[in-house]
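Okay, here's what each chain looks like letter by letter:
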Amino acid sequence: MEFQELIGTRRSIRFFDPKRPVEQDKIQRILEACLIASCAVNAHWLRAIVVKRDDIPKAELEKLKNPVQAVVIELAPVHIYFYADLGVVNRVKGSRLRQLVDANIVASTHGWSTKFVDEVVYPMILKPMTESPQYPAMAAFDCGIAACQGLLMAFEQGLGACLTAFTAPIIGAITKPPADWFPLYQLNVGYSLESREAGGQRPRPPFEEQYFLGKYGNPFPRDPKVVEELKKSKMLQAPAPLPGRKEELRRLARQLNLPE
């Protein structure tokens, strides 16, 4: 699938084939996509624990459910629990930045050297950053970039996926993550029972209300020609609701024995 079409085709899939397992190599590709994502100071905060739904005891799976994601986690054969490892920066103490210096990724032209990492970047920037109240949000932002690449990889492989919240203490009793791992989101993965269009692209706020040029209040100009180009590339697709969506939902409800 071409990249722009991949972005446009991604949906939050909520109807999975609960009996069709996901191949191990496809899960690995999702994680590989996460691993090579852009990452501030080469820290790699994102951690993931992959759990097959059927390996979660029934009683614990019931405890994990809440009103907005209960059906999703019941249907998805694979759960990928994402965490931010908040302790990593002070454990590695700049060593991953030194790797970038040694690999000629960051250069002396921009002031980089191993001495600069050891005497300035780690003690004066990174360590104080970890003591800031904003630190979890900064790490979570970085993790989101990596998780998004994994999400897109799922769709590239013909899978469906949906991010949901998860009840960290309950799944934590099973998966036993380290204490300094901050829980983020759960990526539910499986083979979609919904159509490729999945009801159309979801409603979004007006472009001009979201993005600005130069200063707040000055909307970034949205060029209609660019919009038309993105429609041709299938990044922008037909908006929801699509004809036949209600009928599709009824069919899925009956197929999965869910309330209509």
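Note: the structure precedes this text.
**Structural notes on the environment of Arg196**
Part 1: Structurally, Arg196 can be placed in the loop between strand S4 (181-190) and helix H10 (207-210).
Part 2: For the pair Arg196 and Thr9, spaced 187 residues apart in the sequence, the C-alpha separation amounts to 7.5 Å.
Part 3: Non-local contacts of Arg196, meaning those with residues more than four positions away in its chain, are made with Met1, Glu5 and Thr9.
Part 4: Within the structure, the side chain of Arg196 is placed 2.3 Å from the side chain of Glu5, a separation counted as a polar contact.

**Regarding the state of the cysteines**
Part 1: All chains considered together, the criterion is met by zero disulfides.
Part 2: Counting only cysteine sulfurs, Cys143 is the nearest neighbor of Cys39, a cysteine outside any disulfide, at a range of 8.0 Å.
Part 3: Classification of Cys143 by relative accessible area gives buried; the value is 2%.

**Structural notes on the environment of Ile170**
Part 1: Residue placement: Ile170 occurs in helix H9 (residues 168-175).
Part 2: Leaving out residues up to four positions away in the same chain, Ile170 has contacts with Glu60, Lys63 and Leu64.

**What about a nonpolar patch on the surface?**
Part 1: A cluster of nonpolar side chains, Tyr211, Leu213 and Phe220, forms an exposed patch at the surface whose accessible area comes to about 290 Å².
Part 2: Turning to its location among the elements, Leu213 is positioned in the loop between H10 and helix H11 (224-232).
Part 3: Residue Leu213 is classed as partly exposed on the basis of its relative accessible area, which comes to 43%.

**Topic: helix H12 (residues 245-255)**
The α-helix winds at 3.6 residues per turn, so residues separated by three or four positions along the chain end up facing the same way.
Part 1: Taken as a whole, H12 has its buried residues at Arg245, Glu248, Leu252 and Ala253. Looking straight down H12, one finds its buried side chains confined to an arc of 135°; they lie on one side. Residues of H12 that are exposed and point over 90 degrees away from its buried face: Lys246 and Arg254.
Part 2: Of the residues trailing H12, Asn257 is marked for its positive phi of about 60°.

**Notes on the packing of helix H6 (residues 95-102) against helix H7 (residues 114-130)**
Part 1: At a minimum axis distance of 10 Å, the contact between H6 and H7 shows a crossing angle of 145°. As H6 packs across H7, the resulting crossing turns out to be right-handed. In this structure, H6 contributes Leu97, Arg98, Val101 and Asp102 to the contact, and H7 contributes Thr114, Val117, Asp118, Val121 and Leu126.
Part 2: Class assignment of the residues belonging to the contact of H6 with H7 gives a composition of five nonpolar, one polar and three charged.

**Notes on the pattern of salt bridges**
Part 1: Summed over all chains, the structure comprises 17 salt bridges.
Part 2: Where Glu5 meets Arg196, a salt bridge forms, and the shortest distance between an N and an O atom there is 2.3 Å. In this pair, Glu5 is assigned in helix H1 (residues 3-9) and Arg196 in the loop between S4 and H10, connecting sequence segments 191 residues apart.
Part 3: Looking at Glu5, the relative accessible area reads 14%, which means it is buried.

**Some words on the side chain of Thr164**
Part 1: Along the chain, Thr164 turns up in strand S3 (residues 160-164).
Part 2: We classify Thr164 as buried; its relative accessible area is 8%.
Part 3: Side chain to side chain, Thr164 and Asn188 meet in a polar contact 3.0 Å long.
Part 4: When sequence neighbours within four positions are dropped, the list of residues in contact with Thr164 reads Gln69, Val72, Ile73, Tyr185, Gln186 and Asn188.

**Thoughts on the nonpolar core**
Part 1: Core analysis: the biggest nonpolar cluster contains 50 residues, and Trp45, Ile80, Phe82, Val89, Leu187 and Val189 have the highest contact counts within it.
Part 2: The element contributing the most residues to this core is helix H8 (residues 135-156), with nine residues.

**Quick notes on the packing of helix H2 (residues 24-35) against H8**
Part 1: At their nearest, the axes of H2 and H8 sit 7 Å apart, and the two run at 145° to each other. The two elements H2 and H8 cross, and the hand of that crossing is right-handed. Counting all contacts with H2, which are made through Arg29, Ile30, Ala33 and Cys34, the residues of H8 involved are Ala146, Ala147, Gln149, Gly150, Met153 and Ala154.
Part 2: Here the residues of the contact of H2 with H8 are counted per class, giving seven nonpolar, two polar and one charged.

**A word on the pairing of strand S2 (residues 78-85)**
Part 1: Where burial is concerned, most of S2 is hidden: eight out of the eight residues are buried.
Part 2: Residues Val78, Ile80, Phe82 and Ala84 line one face of S2 and the alternating positions His79, Tyr81, Tyr83 and Asp85 line the opposite face, and both faces are buried.
Part 3: Across seven bridges, strand S1 (residues 46-52) lies against S2 in antiparallel orientation. Bridge pairing in S2 places Val51 opposite His79.
Part 4: Where S2 and S4 come together, seven bridges link them in antiparallel fashion. Looking across to S4, one finds that Asp85 is bridged to Trp181.

Rules used in this analysis
Residues numbered from 1 in each chain as written. Predicted model: local features only at pLDDT ≥ 70, side-chain atom pairs only at ≥ 80, totals over all residues. Heavy atoms only, no water. Helix = DSSP H or I, 4+ residues; strand = E, 2+ residues; numbered from the N terminus. Contact = heavy atoms within 4.5 Å. Polar contact = N/O pair within 3.5 Å; in protein donor to acceptor, adjacent residues only side chain to side chain. Disulfide = S-S within 2.5 Å. Buried < 20%, exposed > 50% of the residue type's maximum accessible area, 1.4 Å probe, protein only. Patch = residues over 30% accessible without salt bridge, like charges linked within 9 Å, V, L, I, M, F, W, Y side chains within 5 Å. Areas by Shrake-Rupley, 256 points an atom, 1.4 Å probe, with all protein chains shown as cover. Salt bridge = Lys/Arg side-chain N within 4 Å of Asp/Glu carboxyl O. Arc of directions from axis to C-beta. Axes fitted to C-alpha atoms, helices over the stretch in contact; angles between N-to-C directions. Left-handed = near helix turned anticlockwise from the far one by under 90°. Nonpolar A, V, L, I, M, F, W, Y, C, P; charged D, E, K, R; others polar. Core = buried A, V, L, I, M, F, W, Y, C linked by side-chain atoms within 4.5 Å. Pairing = 2+ DSSP bridges.

The quantities given are spatial measurements derived from coordinates; they are silent on function.
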